[in-house]
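Examination of the molecular architecture
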Amino acid sequence: DAKTTQPPSMDCAEGRAANLPCNHSTISGNEYVYWYRQIHSQGPQYIIHGLKNNETNEMASLIITEDRKSSTLILPHATLRDTAVYYCIVRSNFGNEKLTFGTGTRLTIIP
Amino acid sequence: GAVVSQHPSRVICKSGTSVKIECRSLDFQATTMFWYRQFPKQSLMLMATSNEGSKATYEQGVEKDKFLINHASLTLSTLTVTSAHPEDSSFYICSARFEGRNYEQYFGPGTRLTVT
């Protein structure tokens with residue numbers, strides 16, 4: 001069963017901020033929100049993860065709602081190289097739980 | 001970040017032959033490695049989880065006798081597709097978990113298998 005819901009596709013103009021939403025209404029208290037992306041014909045690339053606080057790194061920002069039922073990945077200044085499928089995944093960091101991929105959002109950056 | 005490599009990146013084989021794909025964690029030791037398969041325009045599907053020194057755990061619907069997984073060391077796992085058929089043509093991706101960093105998983109670049 002899918003633990004997350006994402007829009008199938010989105011477009012964003014080059015240079016603008018790309019905001020990718022994710023719903024995870026059944027997330028449990030020990031589950032983190034992970035974001036990965038997959039550029040065509042490559043392996044997935046880790047972007048960011050968080051538990052309940054907002055997180056920022058050199059690639060993106062992650063905004064998690066207070067009730068943790070949804071989150072938004074923000075790419076602040078999208079470039080053409082950000083065109084990819086973005087996956088939002090919830091996973092516990094305890095034990096040996098594996099990453100299970102949903103269908104993701106296909107983000108296309110428009111020149 | 002941690003680096004995972006796969007070899008070969010592309011392979012073409014004839015139906016009925018076997019193909020071995022290698023997955024290596026280059027700068028960390030991975031107690032657990034994962035093998036995923038991805039068909040065109042679909043998401044990654046987990047095939048199996050392997051722990052170093054023990055038998056792999058296969059997901060439901062994945063034939064363990066067809067997809068042989070060996071995880072003989074902390075830096076190497078291999079996937080052998082035996083008696084390959086055209087329907088096995090797919091993008092195979094391995095992943096290694098680094099337990100020193102909250103069990104984060106790092107992915108290899110993938111191997112494109114084409115069975116003719």
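Bear in mind the structure is a predicted one, so any value in this text is a computation, not a measurement.

1. Examining the state of the cysteines
Residue and element names in this part refer to chain A. Within this structure, the stated rule accounts for 2 disulfides over all chains. The side chain of Cys22 participates in a disulfide bridge whose partner is Cys88; the two sulfur atoms lie 2.1 Å from each other. Negative torsions about the S-S bond denote left-handed disulfides, and the value of about -80° found for Cys22 with Cys88 makes this one left-handed. One end of the pair, Cys22, is in strand β2 (residues 18-23); the other, Cys88, is in strand β8 (residues 84-92), with 66 residues separating them in the sequence. Each member of the pair Cys22 and Cys88 is classed as buried.

2. Some words on the sheet that holds β2(A)
Residues and elements named next belong to chain A. Pairing within the open sheet is antiparallel, and its 4 strands lie in the order β2-β7-β6-β5. At either margin of the open sheet sits one strand with a lone partner, and together these are β2 and β5 (55-56). Examined bridge by bridge, β2 and strand β7 (residues 70-75) share 6 bridges and lie antiparallel to one another. Across the sheet, residue Pro21 finds its bridge partner in β7, namely Thr72.

3. Regarding the nonpolar core
Residues and elements named next belong to chain B. One finds Val4, Phe28, Trp35, Phe67, Leu79, Tyr92 and Leu113 to be the most contacted residues of the largest nonpolar core, which totals 26 residues. Going through the elements one at a time, β2 (10-13), β3 (19-25), β4 (32-38), β5 (45-51), β7 (67-73), β8 (76-81), β9 (90-98) and β11 (111-115) are the ones with two or more residues in this core. Not counting chain neighbours up to four residues away, the residues in contact with Leu113 comprise Val11, Cys13, Val19, Val81, Asp88, Ser89, Ser90 and Tyr92.

4. A few points about the interface of chain B and chain A
For an interface, size is often stated in terms of accessible area lost upon the parts coming together. The partner chain A presents 20 residues to the 20 residues of chain B that form the contact. For the pairing of chain B and chain A, the buried interface totals around 1600 Å² over both sides, and the portion due to carbon and sulfur atoms is 48%. One can count 1 salt bridge joining chain B with chain A. The partner of Glu59(B) in a salt bridge is Lys98(A), and the shortest N-O contact between them spans 3.1 Å. Counting the contacts that link chain B with chain A gives 8 residue pairs in polar contact (both at pLDDT 80 or more). If you list the elements that add at least two residues to the side of chain B that touches chain A, you get β4, β5, β9 and β10 (104-107) of chain B.

Quick notes on the rules
- Residues numbered from 1 in each chain as written.
- Chains lettered and ligands numbered in written order.
- Predicted model: local features only at pLDDT ≥ 70, side-chain atom pairs only at ≥ 80, totals over all residues.
- Heavy atoms only, no water.
- Disulfide = S-S within 2.5 Å.
- Helix = DSSP H or I, 4+ residues; strand = E, 2+ residues; numbered from the N terminus.
- Buried < 20%, exposed > 50% of the residue type's maximum accessible area, 1.4 Å probe, protein only.
- Pairing = 2+ DSSP bridges.
- Core = buried A, V, L, I, M, F, W, Y, C linked by side-chain atoms within 4.5 Å.
- Contact = heavy atoms within 4.5 Å.
- Buried area = accessible area lost by both parts, 1.4 Å probe.
- Salt bridge = Lys/Arg side-chain N within 4 Å of Asp/Glu carboxyl O.
- Polar contact = N/O pair within 3.5 Å; in protein donor to acceptor, adjacent residues only side chain to side chain.

Any functional reading would require information beyond the geometric quantities listed.
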